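An overview of the molecular structure
Residues per chain, in single letters:
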Number of protein chains: 2
Amino acid sequence: MKIINNPAKSEWSTLCKRPQLELDYLEGAVTNILNRVKKSGNEAIRELTLQFDKVEINQLQVSSQEIEEAIALVPASLKSAILSASKNIEVFHSAQRRPIERIETMPGVTCWRKATAIQKVGIYIPGGSAPLFSTVLMLAIPARLAGCEDVILCSPPDRSGKINPAILFAAHLTGVKKIFKIGGAQAIAAMAFGTESIPSVSKIFGPGNQYVTKAKQLISQEGIAIDMPAGPSEVLVIADEFVNPTFVAADLLSQAEHGADSQVVLATTNNQMITLVKEEIEKQLLELPRQEIARAALSNSLCITFNTKTELIQFVNEYAAEHLIINTKDCETLVDQIVNAGSIFLRTLYTRSGRRLRFRHQSYITH
Amino acid sequence: MKIINNPAKSEWSTLCKRPQLELDYLEGAVTNILNRVKKSGNEAIRELTLQFDKVEINQLQVSSQEIEEAIALVPASLKSAILSASKNIEVFHSAQRRPIERIETMPGVTCWRKATAIQKVGIYIPGGSAPLFSTVLMLAIPARLAGCEDVILCSPPDRSGKINPAILFAAHLTGVKKIFKIGGAQAIAAMAFGTESIPSVSKIFGPGNQYVTKAKQLISQEGIAIDMPAGPSEVLVIADEFVNPTFVAADLLSQAEHGADSQVVLATTNNQMITLVKEEIEKQLLELPRQEIARAALSNSLCITFNTKTELIQFVNEYAAEHLIINTKDCETLVDQIVNAGSIFLRTLYTRSGRRLRFRHQSYITH
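The sections below set out a description of the structure shown in this document. (Residues numbered from 1 in each chain as written. Chains lettered and ligands numbered in written order. Predicted model: local features only at pLDDT ≥ 70, side-chain atom pairs only at ≥ 80, totals over all residues. Heavy atoms only, no water.)

What to know about the overall build of chain A
Heads up, the rule is: For the purposes of this entry, the term helix denotes a DSSP run of H or I that reaches at least four residues, the term strand denotes a run of E that reaches at least two, and both are numbered from the N terminus. The globule rule used here is 2.2 Å times the number of residues to the 0.38 power, and the radius of gyration it is set against is calculated over C-alpha atoms. Relative accessibility thresholds used throughout: buried, under 20% of the residue-type maximum; exposed, over 50%; partly exposed, between the two (1.4 Å probe, protein chains only). Any two residues having at least one pair of non-hydrogen atoms within 4.5 Å are treated as being in contact. What sets the accessible areas is the Shrake-Rupley method with a 1.4 Å probe; for residues, cover comes only from the shown protein chains. Residues counted as positive are Lys and Arg, residues counted as negative are Asp and Glu, and His and the chain ends are not counted. Where a charge lies is defined by one atom per residue type: Lys uses NZ, Arg uses CZ, Asp uses CG and Glu uses CD.
A count of helical and extended segments in chain A gives 13 helices and 13 strands. Here the C-alpha atoms of chain A give a radius of gyration of 22 Å, agreeing with the 21 Å that 2.2 N^0.38 yields for 367 residues. Its C-alpha atoms put chain A at 65 × 60 × 45 Å along the principal axes. Within chain A, buried positions represent 49% of all 367 residues. Taking contacts inside chain A between residues at least 6 apart in sequence as the whole, the part at least 24 apart equals 69%. Taken as a whole, chain A presents about 17200 Å² of accessible surface, with 52% of it coming from carbon and sulfur. The average position of the 38 basic charges and that of the 37 acidic charges among the side chains of chain A differ by 5 Å.

Below is the structure:
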């Protein structure tokens with residue numbers, strides 16, 4: 001991680017630029033994939049799956065037998081964690097249902113807003129080295145609570161033609177009935193245009209690599225809605241001198257291990273915290289199964305000190321992190337000054353006899 | 001208007017296709033405009049304004065003197081209508097502010113959602129033959145209520161280098177301080193990238209022609225948010241045998257007069273209503289100042305009969321109209337079956353002694 005002390009405001013916009021691996025050929029390659037799927041449906045999907053996932057798939061839809069097998073494969077401890085997360089997400093989203101409020105703007109004219117579930121939605125779940133079963137929960141549970149009629153899910157098959165069991169378990173748990181073994185831009189194309197086996201949807205949700213993101217951007221110009229163009233993952237942690245560097249390091253690593261193109265940023269007014277956190281990161285890295293990926297991400301990453309908290313908050317608002325973690329004594333007042341962030345996590349620690357620590361507040365982190 | 005009786009379901013997707021004037025050269029032309037503004041700022045803006053709006057603009061920002069002059073030019077009756085609309089919109093949007101609700105998902109973990117105003121927003125208001133001062137109200141009032149710090153507005157100048165007075169009056173009324181005489185794709189570029197005089201914004205709102213829409217789509221791929229890609233205007237009216245064809249005709253013409261590329265659709269289970277509405281349209285057309293535009297739009301437009309209300313509603317949900325008007329005796333039950341529409345207007349008429357008519361319910365129509 002690069003250390004930057006008290007950067008001048010003129011340097012902020014450069015510091016806020018994300019490392020980008022924009023590939024020149026990307027748009028052309030993705031357009032080609034979209035056109036092939038539009039024209040040849042399942043046949044194109046199978047060819048592209050062979051090309052990119054190196055596996056021949058005859059039956060694109062996951063069978064109920066495959067789901068049963070997957071459920072049996074997921075370890076009990078992981079099942080229990082997924083169930084616990086699922087319950088929390090359901091409690092949180094259930095509270096978002098609100099009664100319709102009618103406003104009489106002038107005598108005889110009554111106006112109201114009504115939220116209606118999108119009938120057909122598609123969920124994309126990346127596979128590969130880090131299967132995002134958490135994203136299944138974060139997307140499929142709100143879809144079920146909203147009352148979406150058709151929810152379809154695409155996720156890439158591995159070389160043996162299977163989807164990660166934890167993804168299938170989470171999908172089954174949340175009531176997703178139609179699951180397809182398709183990844184990449186071809187999955188986005190299938191859900192956007194439909195094929196002989198895959199129904200087309202009105203809106204596509206979920207993160208993905210550059211191909212998936214570009215495909216989502218391109219189909220959004222053809223009248224299919226998307227949630228957002230997800231970039232590489234990132235986190236910015238604000239830490240002061242009162243907090244535990246072990247936790248700051250773990251929070252930074254939580255996104256660094258997402259991918260080599262992730263960026264993590266530590267912002268602090270305390271120089272010493274940087275030294276402590278860097279030591280902790282080195283310690284924790286040794287135990288990380290995805291150590292190499294995290295190290296690559298850290299090489300794009302920043303530790304920045306600021307003279308004042310005011311300046312620090314201004315920078316944080318300019319950076320506009322996808323995930324922001326505030327780990328300071330005064331986090332509950334600092335959070336009111338944040339105007340630009342995807343999600344905010346307040347880590348308030350109550351230390352009892354130097355050992356007992358617990359989370360106090362947590363914002364909703366979407367993935 | 002083309003009359004279609006009981007179309008087979010297999011024809012629905014064709015009927016749902018909007019008339020499109022997709023221009024091959026559009027993307028290239030707009031990309032060129034974006035690049036010029038990115039590179040040369042105000043200089044490019046001035047050149048493009050001369051090219052497209054046929055006027056030389058030295059001072060891009062509207063001066064306070066120009067605003068005063070515009071206020072003096074707006075007729076009292078229009079001012080009063082704008083004030084009345086402004087009050088209604090404010091009442092409606094004020095009711096959307098909600099207290100933060102904290103949910104304890106498990107002991108010690110509290111989650112909540114918090115809406116924060118976008119600090120810098122840009123509003124695009126089309127000029128030309130139909131200056132959309134209503135759109136100024138619909139966008140600038142929510143921005144003010146939300147607490148957006150910087151609200152900038154761009155609208156094209158006429159040949160004398162002025163913005164329509166009603167637009168300036170509405171902008172002044174709603175507290176917009178920075179108004180620029182810039183139209184088309186160059187306005188979107190200016191707000192997206194910023195220039196020497198125009199601050200860049202985080203999100204751009206407002207409708208526009210194909211150049212504006214394409215520019216919004218392209219800049220949305222560079223990290224600037226947009227509200228949505230607005231297409232040509234459209235309305236679908238559901239009418240039964242119990243309603244007044246004068247109103248149905250007026251509702252159809254309200255969007256037909258928007259532009260030659262608008263589409264209006266009448267859906268009914270009553271054949272006779274089509275004859276009555278077509279007669280009424282012919283009568284009302286004669287009094288319309290934008291008769292030619294409305295006639296062109298009507299040539300792309302449809303009257304469709306259905307055997308049953310169930311089928312009619314299925315079609316309406318597949319068409320997914322931007323503006324839907326339900327003008328039937330049972331509109332308050334029909335509306336619960338609508339799952340796809342931008343905005344819905346329920347026209348319930350209570351006729352007393354054959355004369356007294358009043359609106360009963362109205363949904364919020366965004367523009």
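Some points on helix H8 (residues 210–219) of chain B
Residues and elements named next belong to chain B. Defined as follows: Any N or O atom pair separated by 3.5 Å or less is treated as a polar contact, with the protein-specific requirement of one donor-capable and one acceptor-capable atom, and with residues adjacent in sequence counted only for side-chain atom pairs.
Across the 10 residues that make up H8, a large majority, eight, are buried. Those residues of H8 lying buried are Val212, Thr213, Lys214, Ala215, Lys216, Gln217, Leu218 and Ile219. In this fold, the buried residues of H8 make contact with helix H2 (26–53), strand S4 (120–124), helix H7 (184–193), strand S7 (203–205) and strand S8 (225–226). Put simply, Asn209 is the residue that caps the front of H8, since its side-chain oxygen is 3.0 Å from the backbone nitrogen of Tyr211.

Here we look at the sheet that holds strand S13 (residues 343–346) of chain B
All names here are of chain B. Defined as follows: If DSSP finds at least two bridges between two strands, the strands pair. Think of each axis as a best-fit line through the C-alpha atoms, taken over the contacting stretch in the case of a helix, with angles from 0 to 180 degrees between the N-to-C directions.
With respect to topology, six strands assemble into an open sheet ordered S1-S11-S10-S9-S12-S13, the strand pairing being parallel. Two strands lie at the open edges of the sheet, namely strand S1 (2–5) and S13, each paired on one side alone. Averaged over all pairs of adjacent strands, the angle between their axes in this sheet comes to 15°, without regard to strand direction. Judged from the six bridges that link them, strand S9 (residues 234–239) and strand S10 (residues 263–268) form a sheet pairing that is parallel. The partner of Ile238 across the bridge, within S10, is Ala267.

Remarks on the environment of Ala44 of chain A
Residue and element names in this part refer to chain A. Following the sequence through the fold, Ala44 ends up in helix H2 (residues 26–53). Classification of Ala44 by relative accessible area gives buried; the value is 2%. Once the C-alpha coordinates of Ala44 and Ala190 are considered, the two residues, 146 residues apart in sequence, prove to be 9.7 Å apart. With residues up to four places along the chain from it excluded, the contact list for Ala44 reads Arg36 and Val37.

Notes on the interface of chain A and chain B
The cut-off we apply is this: Each of two parts loses accessible area, computed with a 1.4 Å probe, when they are put together; buried area is these two losses added. In the sections that follow, a salt bridge refers to a side-chain nitrogen of Lys or Arg positioned within 4 Å of a carboxyl oxygen of Asp or Glu. All amino acids are sorted into three groups, where Ala, Val, Leu, Ile, Met, Phe, Trp, Tyr, Cys and Pro are nonpolar, Asp, Glu, Lys and Arg are charged, and the leftover types, Gly among them, are polar.
Taken together, the contact between chain A and chain B spans 38 residues of the former and 38 residues of the latter. Interface area, chain A with chain B, both sides summed: about 3500 Å², of which 50% is carbon and sulfur. For the pair chain A and chain B, the interface holds four salt bridges. For Arg98 of chain A, the salt bridge identified is with Glu101 of chain B, shortest N-O distance 3.5 Å. Summed over the shared surface of chain A and chain B, the number is two residue pairs in polar contact (both at pLDDT 80 or more). Contributions of two or more residues to the side of chain A that touches chain B are made by helix H4 (76–94), strand S2 (103–106), strand S3 (109–111) and helix H8 (210–219) of chain A. Of the residues that constitute the side of chain A that touches chain B, the class distribution is 15 nonpolar, 13 polar and 10 charged.

Regarding the sheet that holds strand S6 (residues 178–181) of chain B
Residues and elements named next belong to chain B. One open sheet holds the five strands; their spatial order is S6-S5-S4-S7-S8, and the pairing between them is parallel. Only two strands of the sheet have a single partner each, and these edge strands are S6 and S8. As defined by bridge partners, S4 adjoins S7 across three bridges and the pair is classed as parallel. Across the sheet, Val121 pairs through a bridge with Lys203, a residue of S7.

As for the relation of the copies chain A and chain B
One copy of the chain maps onto the other through a rotation about an axis plus a displacement along that axis. The cut-off we apply is this: Copies overlap after least-squares fitting; the atoms used are the C-alpha atoms of residues with pLDDT of at least 70 in both.
Superposing chain A onto chain B requires a rotation of 180° together with a translation of 0.0 Å along the rotation axis, leaving an RMSD of 0.0 Å. Expressed as a symmetry operation, the mapping of one chain copy onto the other fits a two-fold axis. Considering only C-alpha atoms, the part of chain A nearest the rotation axis is Gln217 of chain A, at 4.6 Å. Taken together, the interface assignments show that 100% of the residues at the interface of chain A recur at the interface of chain B, consistent with an identical surface on both copies.

A short note on the pairing of strand S4 (residues 120–124) of chain A
All names here are of chain A. Going by this rule: Here a crossover is taken to be right-handed if, once the strands point away from the viewer, the path from the first strand over the helix to the second is traced clockwise.
Across the five residues that make up S4, a large majority, four, are buried. As paired elements, S4 and strand S5 (residues 150–155) share five bridges and run parallel to each other. Bridge pairing in S5 places Gly122 opposite Ile152. On the question of chirality, the crossover connecting S4 to the parallel S5 by way of helix H5 (residues 133–146) is right-handed.

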